[in-house]
Amino acid sequence: MDLKSQINLEKLPRHIAVIMDGNGRWAKQHGKPRVFGHRNGVKSVRETTEAAAELGVEYLTLYAFSTENWNRPQFEINALMTLLVETLRKEVETLNENNIRLQAIGDLTKLPKKTYKALMEGIKATSQNTRMTLVLALNYSARWEILNAVKELAQKIDNKQLKQAEINEKTFEHALSTHGIPDPELLIRTSGETRISNFLLWQIAYAELYFTPIFWPEFRKNNLYDAIIDFQQRERRFGKTSEQLA
Ligand code: IPE
Ligand code: IPE
Ligand code: MG
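Residues numbered from 1 in each chain as written. Chains lettered and ligands numbered in written order. Predicted model: local features only at pLDDT ≥ 70, side-chain atom pairs only at ≥ 80, totals over all residues. Heavy atoms only, no water.

A. Expanded view of the pattern of salt bridges. Enumeration according to the criterion identifies 19 salt bridges in this entry. Arg189 is the salt-bridge partner of Asp21, the closest N and O atoms lying 2.8 Å from each other. One end of the pair, Asp21, is in the loop between strand S1 (15–19) and helix H1 (23–29); the other, Arg189, is in strand S5 (residues 186–189), with 168 residues separating them in the sequence. One exposure class covers both Asp21 and Arg189, and it is buried. Two residues, Lys156 and Glu152, come together in a salt bridge whose shortest N-O distance is 3.9 Å. Residue Lys156 and its partner Glu152 are located together in helix H5 (residues 142–158), separated by four residues, close to a single helical turn. Overall, the relative accessible area of 35% leaves Glu152 in the partly exposed class. Beyond isolated ion pairs, a larger network of salt bridges with shared partners links Asp21, Arg25, Arg189, Glu193 and Arg195. (Salt bridge = Lys/Arg side-chain N within 4 Å of Asp/Glu carboxyl O. Helix = DSSP H or I, 4+ residues; strand = E, 2+ residues; numbered from the N terminus. Buried < 20%, exposed > 50% of the residue type's maximum accessible area, 1.4 Å probe, protein only.)

As structure tokens, then:
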């Protein structure tokens, strides 16, 4: 039986987040520069987005560039930013054809002007689409996001728009860049690394984590199906006992 038909569409995660990792090592394996890996990673982005939308996943968040990634060699940063602009421009049409809305999280104003512009254009051009939301995490850091939220709430208290007693999960979440987006139920990381690397720390409090040794440029629809099937076999207890769930 093919993998896709093993997925229970009634129990689909509403939101899947992916740490796309292993581009550099994949390129090295092929005797190519790291940028070759990034370029080939675009196909995996396309496949994953298409597969998620076809299944009926509502939100797909892809970690494309972390705040820590500014520490890479300038050449690689430039190549990644150029690739982003190219891909955004090229794929907007496909996103519209597939009724997919683009959004972004992260400290976006610190992106290079061209990247920021292409991103905003993509977001605007797809804003009316309703089938799935594709969220790109760009210059994203979960600690930055959390601190930002704290500052926003503190400011509101200073301005007497909010009382300390009104700080709760709901008001806090409202100040995060993911407000309005449900928490990811499934977090996938490729390339065999088993860490979170400052991604969605608040939002993944109860996510199921899935690690695969596959390098990102090799990730295909079937790899996403594998992850979802694995997810659906898990018992999500949320603190309860197994007997309570039965
Ligand atoms: C992920 O692949 C892409 C980005 C972080 C932008 P890497 O570039 O981290 O690849 P590895 O981990 O060095 O193999
Ligand atoms: C995490 O990957 C960030 C992205 C996938 C964009 P990295 O490859 O940068 O993570 P670390 O530094 O190895 O943890
Ligand atoms: Mg990496």
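So much for the structure itself; the text now carries on.
B. Up close: the environment of Val135. By the secondary structure assignment, Val135 is in strand S4 (residues 132–140). Separated by 72 residues in sequence, Val135 and Tyr63 have C-alpha atoms that sit 8.6 Å apart. In contact with Val135, not counting residues within four places along its chain, are Leu60, Thr61, Leu62, Gln103, Ala104, Ile105 and Ile181. (Contact = heavy atoms within 4.5 Å.)

C. Spatial organisation of the site of ligand 1. Within the structure, ligand 1 sits among Met20, Asp21, Gly22, Asn23, Gly24, Arg25, Arg34, His38, Ala64, Asn69, Arg72 and Leu80. Between ligand 1 and Arg25 there is a distance of 2.7 Å, counted from an oxygen atom to a backbone nitrogen or oxygen. A distance of 2.7 Å separates an oxygen atom of ligand 1 from a polar side-chain atom of Arg72. For ligand 1, whose unbound accessible area comes to 380 Å², protein coverage reaches 86%. Broken down by secondary-structure element, the contributors of at least two residues to the shell around ligand 1 are H1 and helix H2 (34–55). By residue number, the principal contributor to the shell around ligand 1 is H1, which donates three residues. For the shell around ligand 1, the class distribution of residues is three nonpolar, five polar and four charged. (Near = heavy atom within 4 Å. Polar contact = N/O pair within 3.5 Å; in protein donor to acceptor, adjacent residues only side chain to side chain. Areas by Shrake-Rupley, 256 points an atom, 1.4 Å probe, with all protein chains shown as cover. Nonpolar A, V, L, I, M, F, W, Y, C, P; charged D, E, K, R; others polar.)

D. Spotlight on the sheet that holds strand S3 (residues 100–105). Spatially, the six strands line up as an open sheet ordered S3-S4-S2-S1-S5-S6, and their pairing is parallel. Looking at which strands have only one partner, the edges of the open sheet turn out to be S3 and strand S6 (208–211). Taken pair by pair, the neighbouring strands of this sheet meet at an average axis angle of 20°, ignoring direction. Two strands pair when backbone bridges link them, and S5 and S6 are joined in this way by four bridges, in the parallel orientation. Opposite Leu187, over in S6, you have Leu209 as the bridge partner. The strands touched by helix H3 (residues 74–97) are strand S2 (59–66), S3 and S4; relative to S4, the strand with the most contacts, the crossing angle is about 165°. On the sheet, helix H4 (residues 113–125) packs against S3 and S4 and is oriented at approximately 140° with respect to S3. (Pairing = 2+ DSSP bridges. Axes fitted to C-alpha atoms, helices over the stretch in contact; angles between N-to-C directions.)

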